[in-house]
Amino acid sequence: MKTAFLFFALILTTSFTTSYAQTADEIINKYLTVTGGVENWKKLEGIKMSAKVNQGGMDIPLDIFNLKDGRQMTSISFQGKP
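So, how was this worked out
Residues numbered from 1 in each chain as written. Predicted model: local features only at pLDDT ≥ 70, side-chain atom pairs only at ≥ 80, totals over all residues. Heavy atoms only, no water. Pairing = 2+ DSSP bridges. Helix = DSSP H or I, 4+ residues; strand = E, 2+ residues; numbered from the N terminus. pLDDT = per-residue confidence, 0-100. Axes fitted to C-alpha atoms, helices over the stretch in contact; angles between N-to-C directions.

Chemist: Report on the pairing of strand S2 (residues 58-67), specifying residues and quantitative values.
Modeler: One face of the sheet, then the other: side chains in a regular strand alternate in exactly this way. Where strand S1 (residues 46-55) and S2 come together, 10 bridges link them in antiparallel fashion. The residue bridging Gly46 from the neighbouring strand is Leu67, located in S2. Linkage of S1 to S2, two consecutive antiparallel strands, is achieved through a turn of 2 residues, within which Gly56 is found at a positive phi near 65 degrees. Bridging between S2 and strand S3 (residues 72-76) involves 5 bridges; their strand directions are antiparallel. Residue pairing across strands places Phe65 opposite Met73, the latter belonging to S3. Hairpin connection between S2 and S3: a loop of 4 residues separates the two successive antiparallel strands, and Gly70 in this loop has a positive phi of roughly 105 degrees.

Chemist: Could you give an account of the confidence of the model for the protein chain, with specific residues and numbers?
Modeler: Keep in mind that low pLDDT regions are not for reading the predicted coordinates in detail. Summarising the model, the protein chain shows a mean pLDDT of 85, and 88% of its residues fall at 70 or more. Within the protein chain, the lowest mean pLDDT, 71, falls on helix H1 (residues 2-19), and the highest, 94, falls on S3.

Chemist: Please set out the sheet that holds S3 residue by residue, giving values where relevant.
Modeler: Spatial strand order, S1-S2-S3: 3 strands in an open sheet with antiparallel pairing. The open sheet terminates on both sides in strands that have one partner only, identified here as S1 and S3. Taken pair by pair, the neighbouring strands of this sheet meet at an average axis angle of 20 degrees, ignoring direction.

Written as C-alpha cells, this is what we have:
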C-alpha cells in the first residue's frame, strides 16, 4: 500500500512539473527578444571580449576579437606594451 502511494505521488509530481516546462525554441526566442531582436543580431559584424589574467602576481589584460567571417585576433598587453 505504501509503495503504491509513493508511486502515485511520484507520477503526480512529475506530471505537474513537465506541464510548465518551456521548449528550447521559447527560451531562445525570449533571449533574442530581450537582447534587442533578431535584426540587431544580424547587424553585428564582430564581438570583443576583454579579460584579465593574473599570472605570478601580474595582471595581464587581453582583448579577443571575433569577426563574423571567422577571423579572430587576440591582443595582449604585457607590462604596458601591446
